[in-house]
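# Results of the structural survey
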Amino acid sequence: MLTSLKNAKRAIGLGIALIAAVVLLPAMANFQSINAIVNTHYTVIKSPIEGALDGFSKMPGQPIAQGEELVRISNLRFKESAVNEMEVEQKTLSERSLGLQQHLKNLQQLQKELQTRVSVHRSHEFLRLEEQLAQAKAEKKAQESLIREQQLLSQRNALLVKENFISPAQNEAAQYALEVTLSRLDIFQARIRLLETEKQAVQRFVYLGEGRNDVPYTQQRLDDVRLQITDVAARLRENEQRSADVQWQIRKERDSMAVSREVRMLAPSQGVLWRKFGSNGTEVVIGTDLAHVISCDNLFLDVAVPESSLESFQIGKAVQYRLIGSTAWLTGHIDAVTGSGNNLQDVTLVAQLQREKKDARIFVKIASADLDKAQENLCYAGRKVDVKVPRDWRPSVWLSRVSSFFI
């Protein structure tokens, strides 16, 4: 009887020791925490214009495809006063351009007529000077002949005076007549030089003479018309450039109006509609939050751990985890570590981890492909998980902790 009782006690003790070994040894080899959740960041979709919502039929939790239309925003009260003002200005500029073009055409026609008249006047003046010059040269030639005749007569008179056939008075009269003829030759030569000077001036479009301007009235009008043509052409170019600028502004304003009148908001990526704010008919202003969208491609574990064990959580270290309620263990890798002093709340996180003030946090990168139908299960965001991290056996750390109790 005593022997069987002792054997039963031994069996119970052995069982207790075995249970303790099964429970304690893994706990000593691994760090395990159930204060962990699957987390991710959400993308905020804001209204770029003011207006009313339409086609906002998606419900929170439903999967969405990249580029899928989520909602339309219509602004039926959009004013076109700015475009109307620019169109009025554009019409005025077009009418002004037509007037300037007609004015330029008239000036160009007048320029052609004046050029014809100037050409006729110059040709006539040139021919007149040619005729007068020819006449003056002929008179000069006749005068030169007369001079030669009087010179011969003077020489003959000189011989006759010596022979006493004529009186000295007659000889002197012949000399005086020769001097008068020579003086008249000088007059003809001066006139020829004057006419040649006027001819050369006419060739350069300059007209000389008493009671004349340097150019005729028609030439002055032509010069004035040329200046007017230059001025009108410059005004026309400036007006057409302004018209083109206004036309470009109208196109840009209409494009802007088209964008501001109706906007289709598309899903930025494949994922899940996490939150929606408003429904069909809701009036919104610029910058209003319309929806929060999450993607299953950037999931991670948000894990609370004791800060005293942070040295065991190295970046890149493998971590095992399983969803609460599931038996399959999956693998992730530590992506970031932060201490308990970092109490700043990240408002872009889908879920917020509840942790003690002295708890530190580690962030574990996981693959959404390891999770079954992540998009259909809200990317498992906020789901509780069980996490195991292999402990690093460091005797010096354990001894320092034990010795701290005795100091």
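The structure reproduced in this document is the subject of the present report. (Residues numbered from 1 in each chain as written. Predicted model: local features only at pLDDT ≥ 70, side-chain atom pairs only at ≥ 80, totals over all residues. Heavy atoms only, no water.)

## Quick word on the overall build of the chain
Looking only at helices and strands, one finds 5 helices and 15 strands in the chain. The buried share of the chain, taken over its 407 residues, is 31%. Nonlocal contacts in the chain, meaning residues at least 24 apart in sequence, comprise 81% of its contacts between residues at least 6 apart. For the chain, the accessible surface area stands at approximately 26,000 Å², while carbon and sulfur atoms represent 56% of it. (Helix = DSSP H or I, 4+ residues; strand = E, 2+ residues; numbered from the N terminus. Buried < 20%, exposed > 50% of the residue type's maximum accessible area, 1.4 Å probe, protein only. Contact = heavy atoms within 4.5 Å. Areas by Shrake-Rupley, 256 points an atom, 1.4 Å probe, with all protein chains shown as cover.)

## Comments concerning unusual backbone geometry
A positive phi is found at Lys373, a non-glycine position, where the angle reads about 50 degrees. Within the secondary structure, Lys373 sits in the loop between β14 (359-365) and β15 (385-390). Residue class for Lys373 comes out exposed when judged on its relative accessible area of 52%. A positive phi angle, near 55 degrees, is found at Leu378, a position not held by glycine. Tracing the sequence through the fold places Leu378 in the loop between β14 and β15.

## A word on the side chain of Ser74
Relative to the assigned elements, Ser74 resides in strand β6 (residues 69-74). Classification of Ser74 as buried rests on a relative accessible area of 18%. Those residues in contact with Ser74 that lie beyond four places of it in its chain are Gly51, Ala52, Arg261 and Glu262.

## Some details on the pattern of salt bridges
For the structure on display, the rule yields 11 salt bridges. Close ionic contact of Lys58 with Glu68 constitutes a salt bridge, the shortest N to O distance being 3.2 Å. Taken together, the positions of Lys58 in the loop between β4 (51-54) and β5 (63-64) and Glu68 in the loop between β5 and β6 put the pair 10 residues apart, joining distant regions of the chain. Glu68 gets classed as partly exposed once you look at its relative accessible area, which sits at 25%. Residues Glu89 and Arg242 are paired through a salt bridge, measuring 2.7 Å at the closest nitrogen-oxygen approach. Here Glu89 is found in helix α2 (residues 81-162), whereas its partner Arg242 is found in helix α4 (residues 217-261), with 153 residues between them in sequence. With relative accessibility at 29%, the residue Glu89 sits in the partly exposed group. Connected through shared salt-bridge partners, Asp54, Glu69, Arg72, Glu262 and Arg264 make up one network. (Salt bridge = Lys/Arg side-chain N within 4 Å of Asp/Glu carboxyl O.)

## Some remarks on the sheet that holds β6
One open sheet accounts for 4 strands, arranged β7-β6-β4-β9; its pairing is antiparallel. A strand with exactly one partner marks an edge of an open sheet, and here the two such strands are β7 (262-266) and β9 (283-284). Inspection of the sheet shows β4 paired to β9 by 2 bridges, in the antiparallel sense. Along β9, the bridge assignment pairs Ala52 with Glu283. (Pairing = 2+ DSSP bridges.)

## Focus: the state of the cysteines
By the definition in use, this model includes 1 disulfide. In this model, Cys296 is linked to Cys379 through a disulfide, with the two sulfur atoms separated by 1.9 Å. Its S-S torsion of approximately -75 degrees makes the covalent link between Cys296 and Cys379 left-handed. Residue Cys296 is located in the loop between β10 (289-294) and β11 (300-306), and its partner Cys379 is located in the loop between β14 and β15; the two are separated by 83 residues in the primary sequence. Here Cys296 matches Cys379 in class, with each residue buried. (Disulfide = S-S within 2.5 Å.)

## Brief notes about the sheet that holds β5
Taking strand neighbours across the sheet as the criterion, the 4 strands line up as β3-β10-β8-β5 in an open arrangement whose pairing is antiparallel. Strands at the two margins of the open sheet, each flanked by one partner only, are β3 (42-46) and β5. Taken together, the 5 bridges between β3 and β10 define a ladder with antiparallel strand orientation. Across the sheet, residue Thr43 finds its bridge partner in β10, namely Val293.

## A look at the packing of aromatic side chains
The geometry of two aromatic rings is summed up by the distance between their centres and the angle between their planes. Using the criterion set out here, one finds 1 aromatic pair in the structure. Between the NZ or CZ atom of Lys276 and the centre of the ring of Phe56, over which it lies, the distance is 4.2 Å. We note Lys388 situated over the ring of Trp329; from NZ or CZ to the ring centre the distance is 4.3 Å. (Phe/Tyr/Trp six-rings, centres within 6.5 Å; stacked < 30°, edge-to-face > 60°. Lys NZ or Arg CZ within 6 Å of the ring centre and 35° of its normal.)

## A closer look at the side chain of Lys58
Here Lys58 falls in the buried class, since its relative accessible area comes to 18%. There is a polar contact of 3.2 Å between the side chain of Lys58 and the side chain of Glu68. Excluding its chain neighbours within four sequence positions, the residues that come into contact with Lys58 are Pro63, Ile64, Glu68, Leu273 and Lys276. (Polar contact = N/O pair within 3.5 Å; in protein donor to acceptor, adjacent residues only side chain to side chain.)

## Focus: the pairing of β4
Here β4 runs beside β6; their pairing, made up of 3 bridges, is antiparallel. Pairing of Leu53 across the sheet is with Ile73, part of β6.

## Re the pairing of strand β8 (residues 271-276)
For a regular strand, side-chain orientation follows a simple rule: the groups alternate between the two sheet faces. Judged from the 2 bridges that link them, β5 and β8 form a sheet pairing that is antiparallel. Bridge pairing in β8 places Pro63 opposite Val272. Where β8 lies against β10, 4 bridges are found, and the strand directions are antiparallel. Paired with Leu273 across the two strands is Val293, which belongs to β10.

## Side note on the nonpolar core
Formed by 31 residues in total, the largest nonpolar core has its most connected members in Leu301 and Val387. In this structure, Val387 is in contact with Phe31, Gln32, Ser33, Ala36, Leu301, Val303, Val319, Gln320 and Tyr321, ignoring residues within four places of it in sequence. (Core = buried A, V, L, I, M, F, W, Y, C linked by side-chain atoms within 4.5 Å.)

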